[in-house]
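Descriptive structure summary
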Amino acid sequence: MKLYISEGNPHCLKVLAAVEQTLVQCDVQCVIHEERGGPFLSRPALPALLLPSGHHLFSSNAICQYLFETSGQKPHTLINQWLEWETTELQPALLQALHMAVLQGKATEASKILQRPLSYLDQCLSKGTTPYLTAETVSVVDVVLWGALHPFLSDSSPALGEWKSVQAWFERLAGEKACQAAAQRVLPGKSLEALKSFMQRQPAPHSSQRRGAESCNSTPSEAEEAVRVVSEEEMETAALAWSRGLTACPEPTKRQHPILPQEGRRNLLLTSALPYVNNVPHLGNIIGCVLSADVFARYGRLRGWNVLYVCGTDEYGTATENKAREEGLTPQQICDKYHAVHADIYRWFQVDFDYFGRTTTKKQTEIAQDIFWRLHERGFLLEDTVEQLRCEGCRRFLADRFVEGVCPYCSYPEARGDQCDKCGRLINAVELKNPLCKVCSKTPIIRSSKHLFLDLPKLESQLEEWLDKSTGTGDWTANAKQITRSWLRDGLKPRCITRDLKWGTPVPHPDFADKVFYVWFDAPIGYLSITANYTNQWEKWWKNPEQVELYNFMAKDNVPFHSVVFPSSLLGAQDNYTLVNHLVATEYLNYEDTKFSKSRGVGVFGDMAKDTGIPSDVWRFYLLYVRPEGQDSTFSWADMALKNNSELLNNLGNFINRAGMFVTKFFEGCVPAMELLTEDKTLLAQVGWELRQYISLMDKVKIRDALKHILNISRHGNQYIQVNEPWKKIKGGDQDRQRAGTVTGVSVNIACLLSVMLQPYIPTVSQTIREQLNAPAACVGTMLHAAGSFVCSLPAGHTIGTVSPLFQKLEADQIEALKKRFGGQQAQNTNQAPPVAAPAPVATNDEAVVSGADPEKAKQLTQAVAEQGDKVRVLKAQKAEKAAITLEVNKLLELKKQLALAEGKSPEPAAQKGKKK
């Protein structure tokens, strides 16, 4: 083998270090920048590796991978993920930073561009358990990232003080002999100065700086990337793909129910966490579960995969009993009422389930009890007498979610009865310090009761073996992996699977006939029973891990029950169940920097969105735009208006409308003939690259990130139209008119591509675009086939339909009115309790009523106190101004006094008692 490198070329640094590290026999030849690394390239390309077969490798990362694999290091998923991140995230930022530092002398400004990738790298290193990125020893990833960052991190100008983990990692690698030898040969002297000759030969990136830290609410385009340099080979490849048209791909077939796994196809089973039936879902619930899964289901169908998407309402448990007591209905009536509410909301949001069911069915009882008996027969269940919290005020044992107190591990004051949201530790409710009933705010007492437990320690080795395989081969989000590891960190403990309730799936064991299954043992089994109610051949999906890939969508608080408890139950049942391959968890969506609260009138809930007059596609777009993929994000009315007006209206809608209008106005509704010039082929290559990035990201369920590439395409298109000005050229001579025709034809074909890419996100608008363009159905399958191919789907002579605007502007006064309407002002400006009260204890004949007490008002004020307490905690967590906190604390104290009076007590002692708690 022969490796061609050049001095001062940062891409050569990593490959030379890889040669030195792996000790692979290789003849290294240093050439000048202008010399080509291969005989057939149109411009110089270094580094280049000549293989024994006579072929060349030109990608520095591919060369490094080849060398490490030749030396015996096997590739795995984590390595591939890091290499992808280096290519798509780090390198664009580095190119711009190097240009600024080396050629413009702006080292300080350049270092700011690297803040985001360095922060991410530091975060990953700090959470890792090995000295290097993927292992105890140096891997290809370490060499690649070290080589990429060396010009900056070895220089004295950028401070590494805030990235301690990166600094330690970089210094370890800098001490390796392989890295030292590579740096001395490729970048002698000061690193940045040594790059000057190389950088002067590189095309300039965008002049505007890349944002140092991109929030979840920032416009994807705002995190600007360096301009891609399109080679002649890419242009010709793109032009060839374009010329093939739609001839090779059949039209998509319609879904036929029941959908069953098929031999030779990719069979995807999608579930989204079952929403509690008694709650009306807010925007955070919708984006965290059903909407994210819907986007991926739609995308999978476009890709030609065999997709089944099921969901339904979770209807058993204490919450349903309390809601029934509150509304004076039976639990079944409550379930029937709110199941219809949920179904209507999701229908309006265009969530396209294959089946939306519920858990209060005979199939649920049959399947849950079967799994129970299989666990029992195989020795995976334990009996034990446990202490439980019982609220004498409510006259019931309290479910975990109705107990709150101080975490025994980290002292977080709002830990739940099953888990602490701050430290992630598993908790038994009786371990909480200062526990309170969340219904009536009274202190519960401890009572004993006999229960059944899932023996998780006995299943732990099986679970860990399965988890290693699933997380290693599947697309698990980072938070899903982290939360799962936190549960396994200290070893698993037996988990109670029964509860002292009436409303639930009955435990079939005669010794526990008065109990029901605990909701987190029972609810995930709902996925199976819902599928069984969809088709009696449900086992072809759920007992077929060889043919089926299972995707679970949820918010992060549901992760442990899907990654630990439910898989353990299925593993213990030993019935060849399909286990989750890809666990996709979002962070939380907040509302205007606070929490959603139905009772306080804060936030938009699913049944309210359609009353705003804003189309569901716009809601879908914005929720997916701010989807909390890597960190919490915030719904903001002002930001929603900005994104609608800038991205949907001025960027996407403007381009698609202009392209169609040019065809109608200048060419009588027929797509004109197109003669491609270099500029057009460059655009085809750019659009093709964005399409491939979109597919790559969507395949990995990076829904929010993929949206960036759709909007990038329309930005390319708008710029293309602006530069070529077809509205002027159409008035010129034959050559100008031909040019106007080409620009119009290419643009309207890009619009057709966008209609396909948008379908998972905004399906109604997507269909409208295709109808306006009279687009052939085959365009969908062709352009999203395999790695993606941008083809001419609307050839010369194609007649389009009537073109009209796709989006409307959201006006400032409209948005301000909506913000006020959903901001909870009505709850803040009055001492009256919120209109919707939380579940409260129902009075019985033996309960004494204190003279002067008002039970109904007390019930309302109890909820008002709880909500105001939440508000105070949020302000403190946000470190708000002291005056603002004091104001809200005073409101809280006043509400507590009113509550004491309503309960027939003296207000002062009540307040003191509350303080002690």
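**Regarding the environment of Leu-240**
Secondary-structure assignment places Leu-240 in helix H11 (residues 232-244). The partly exposed category is assigned to Leu-240, whose relative accessible area is 46%. With 550 residues separating them in the primary sequence, Leu-240 and Phe-790 have C-alpha atoms 10.0 Å apart.

**Focus: the sheet that holds strand E7 (residues 355-358)**
Pairing is parallel across the open sheet formed by five strands, whose spatial order is E7-E6-E5-E17-E18. Two strands in the sheet have a free side with no partner beyond their single neighbour: E7 and strand E18 (582-586). Put simply, the sheet's adjacent strands are angled 20° from each other on average, direction ignored. In terms of strand pairing, strand E5 (residues 267-272) meets strand E6 (residues 306-313) through five bridges, oriented parallel. Considered in E6, the bridge of Asn-267 is made with Asn-306. Relative to E7, helix H14 (residues 331-348) is tilted by about 160°, and along the sheet it contacts E6 and E7.

**Thoughts on the environment of Gln-369**
Examined against the element boundaries, Gln-369 turns out to sit in helix H15 (residues 362-377). The buried category is assigned to Gln-369, whose relative accessible area is 19%. It is 6.6 Å that separates the C-alpha atoms of Gln-369 and Pro-508, two residues lying 139 residues apart in sequence. Residue contacts for Gln-369: discarding those within four places in its chain leaves Pro-506, Pro-508 and Phe-517.

**Focus on the packing of helix H25 (residues 678-699) against helix H28 (residues 734-758)**
Contact pair H25 / H28: the axes reach a minimum separation of 11 Å and the direction vectors enclose 5°. On the basis of the axis angle, H25 is roughly parallel to H28. From H25, Glu-679, Asp-680, Leu-683, Leu-684, Val-687, Leu-691 and Tyr-694 reach across to H28, where they touch Arg-739, Thr-742, Val-746, Ile-750, Leu-753 and Met-757. Residues belonging to the contact of H25 with H28 are distributed by class as follows: nine nonpolar, one polar and three charged.

**A look at the packing of helix H13 (residues 318-327) against H14**
The contact between H13 and H14 brings their axes to 8 Å, and the two run at 95°. Looking at the two axes, H13 sits roughly perpendicular to H14. Packed against H13, whose contacting residues are Thr-320, Lys-323, Ala-324 and Glu-327, the element H14 presents Pro-331, Ile-334, Cys-335, Lys-337 and Tyr-338 at the interface. Among the residues forming the contact of H13 with H14, the class breakdown is five nonpolar, one polar and three charged.

Parameters at a glance
- Residues take numbers from 1 onward in each chain, read along the sequence in its written order.
- Selection of residues for local features in this predicted model requires a pLDDT of at least 70, selection of side-chain atom pairs for listing and counting requires 80 or more, and totals for whole chains, interfaces and linings are taken over all residues.
- To get the side-chain values, all heavy atoms of the structure are used, and hydrogens and water are removed first.
- Working definition: helices are DSSP H or I runs of at least four residues, strands are E runs of at least two. Numbering for both runs from the N terminus.
- For the exposure calls, accessible area comes from a 1.4 Å probe over protein chains only, and a residue counts as buried if that area is under 20% of its type's maximum, exposed if over 50%, partly exposed in between.
- One bridge is not enough; two strands pair if DSSP finds at least two bridges between them.
- Inter-axis angles, ranging from 0 to 180 degrees, are taken between N-to-C directions of lines fitted to C-alpha atoms, where helices are fitted over the stretch in contact.
- In what follows, a contact means two residues having at least one pair of non-hydrogen atoms within 4.5 Å.
- Roughly parallel here means an angle under 35 degrees, roughly antiparallel means over 145, roughly perpendicular means 65 to 115, and every remaining angle is called oblique.
- Each residue gets one label: Ala, Val, Leu, Ile, Met, Phe, Trp, Tyr, Cys and Pro are nonpolar, Asp, Glu, Lys and Arg are charged, and the others, such as Gly, are polar.

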